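# Overview (structure and organization)
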Amino acid sequence: MDNPYVLTHKTPTHKDYIDTSDFDQSEILDMVKVSTVVRDYIKSGGTLDTLYHKNLAMLFEQKSTRTRVSFEVGMEQLGGHALNLAPGAIQLGAHETIGDTAEVLSRMCDIIMARVDRHESILELAARSTVPVINGMSDYNHPTQELGDIITIFDHLPKDKPWNQVKVVFAGDCTQVCASLMMITTKMGMNFIQYGPPAKWLSDDFLKIGRANNQMYGGSVHVTDNPAYLEGADFIYTDVWYGLYDKETPKEVYMREFYPKYQVNDEMLALTGNPNVKFMHCLPANRNEEVTDSVLDGPHSVTWDEAENRLTAQRGLLLYFSGKAQEALDLIKAKEEK
Ligand code: CP
């Protein structure tokens, strides 16, 4: 039986957490393990100061609620400190390049998390940093969301169904959250479907990643506009239809493409034929556009657990990429055995 206190990888195989495609399934499961053991320990009143005197620099080129708060709270809960370097607050952008910023932050901080407009920026940041860099979302992917989401899926697995038989449907646009959900579910050998208009399907490059995961771990990946594929879904996930990175296209254009067919509403949930289907959303939501109030606030929604699991995941990532995950697990085991 798997030992909950022992990691397969005591230290990360990559310095940075930029893309889950850089890690194999066993390493992602290590991240899930440290995240969930620490969560359960802290929720039962335990304390940890494994990151005492460590500093996290948080760079934001865009707004954030969940990513910012979860990293800041997570760092504080682990005994460390987080600096919120919001747009306009530092020289980045106006007077200093991201590479030079990386060099300086590496001399002062122990870990960097950044949300960037362009994926190239996070790659440059990682290349020029000597400390670990965590991708807090780019126009390509959202890997910290991925870890929180797979934890949420594990928390809400259907009874009597192995996790590699789970069916996850993303309804809507091929946002970076859609791509990320595809990458993490296929890495776990699950069955992933994007249900959306053909013009908004995941690119062939993304689908290649999913198919390579299928070869390695099982499962499947499909893109479709056929609602018959909703049948048997265990999870329905959606994200906003507009305003994320494409600031040019008017809202009306997106609404015409997606509404009403791809709105997650009670009728869509009924099409799954699964009375226990779960609904997920990365948030923030445009209520009554991509999802109705009745679904977001209804009995199928695990959205608020999903939001909380951003904190679960960030603590795990901070420990894992600081090289302190096994130390934290050893400490928790020792305290629990007392
Ligand atoms: N889901 C997500 O990343 O939320 P924020 O934009 O609020 O961080």
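Heads up: these notes are all about the structure in this document. Quantities reported herein were computed from a predicted structural model and do not represent experimental measurements. (Residues numbered from 1 in each chain as written. Predicted model: local features only at pLDDT ≥ 70, side-chain atom pairs only at ≥ 80, totals over all residues. Heavy atoms only, no water.)

### Some thoughts on the sheet that holds strand E1 (residues 55–60)
Selection rule: Any two strands with at least two DSSP bridges between them are considered paired. Where helices and strands are cited, they refer to DSSP runs of H or I of at least four residues and of E of at least two residues respectively, numbered from the N terminus. Note on definitions: angles span 0 to 180 degrees between N-to-C directions of axes, and those axes are lines fitted to C-alpha atoms, for helices only across the stretch in contact. Whether two residues are in contact is decided by their heavy atoms: any pair within 4.5 Å suffices.
Read across the sheet, 4 strands follow the order E2-E1-E3-E4 without closing on themselves; strand pairing throughout is parallel. Strand pairing shows two members of the sheet lacking a second neighbour, strand E2 (81–85) and strand E4 (133–135), which therefore form its edges. Each neighbouring strand pair of the sheet contributes to a mean axis angle of 20°, computed without reference to strand direction. Pairing between strand E3 (residues 111–115) and E4: 3 bridges, direction parallel. Residue pairing across strands places Ala114 opposite Asn135, the latter belonging to E4. Across the sheet, helix H3 (residues 98–108) lies against E1, E2 and E3, angled at about 145° from E3, the strand it touches most.

### Focus: the pairing of strand E6 (residues 191–195)
Selection criterion: Each residue gets one of three labels from its accessible area relative to the maximum for its type: buried under 20%, exposed over 50%, partly exposed in between, using a 1.4 Å probe on protein chains only. Call a crossover right-handed when, viewed with both strands pointing away from you, the route from the first strand across the helix to the second goes clockwise.
Of all the 5 residues making up E6, 4 are buried; the element is thus mostly covered by neighbouring parts of the structure. For strand E5 (residues 167–171) and E6, the ladder comprises 5 bridges, and the chain directions are parallel. Bridge pairing links Phe170 to Gln194 in E6. Tracing the backbone out of E5, into helix H6 (residues 176–187) and back to the parallel element E6 gives a crossover that is right-handed. Across 5 bridges, E6 lies against strand E7 (residues 220–224) in parallel orientation. Directly across from Tyr195, in E7, lies its bridge partner Thr224.

What is shown is where atoms sit, not what they do.
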